[in-house]
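# Inside the fold
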Amino acid sequence: MAQLGHIRRVSICYEPDNEAARRLYAGFGFVEAGLDEDGEMIAVLELGSK
């Protein structure tokens, strides 16, 4: 995705008590940004700009 150039941020959501998802996404560089309106954790990966 980073090589496409026009994608600068990827956001995903998962259940806050899902430790496997938390570790998996953190391992790829996702940073937790807080809960959405449904109580799911939002995590964001900043890809930067080219």
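Residues numbered from 1 in each chain as written. Predicted model: local features only at pLDDT ≥ 70, side-chain atom pairs only at ≥ 80, totals over all residues. Heavy atoms only, no water.

Another aspect to go through is the nonpolar core. Val-10, Ile-12, Tyr-14, Ala-21, Phe-30, Met-41, Ala-43 and Leu-45 form the largest nonpolar core, which has eight residues in total. Of all the secondary structure elements, the ones that give two or more residues to this core are β1 (9–14) and β3 (41–46). Residues in contact with Phe-30, not counting those within four places in the same chain, are Val-10, Ile-12, Tyr-25, Ala-43, Val-44 and Leu-45. (Core = buried A, V, L, I, M, F, W, Y, C linked by side-chain atoms within 4.5 Å. Buried < 20%, exposed > 50% of the residue type's maximum accessible area, 1.4 Å probe, protein only. Helix = DSSP H or I, 4+ residues; strand = E, 2+ residues; numbered from the N terminus. Contact = heavy atoms within 4.5 Å.)

Turning our attention to the sheet that holds β3. With antiparallel pairing, three strands are arranged side by side in an open sheet as β1-β3-β2. The open sheet is flanked by β1 and β2 (31–35), the only strands paired with a single partner. Each strand axis lies, on average, 30 degrees off the axis of its neighbour in the sheet, ignoring direction. Contacts from helix α1 (residues 19–27) reach β1, β2 and β3, with the element oriented near 170 degrees to β1. (Pairing = 2+ DSSP bridges. Axes fitted to C-alpha atoms, helices over the stretch in contact; angles between N-to-C directions.)

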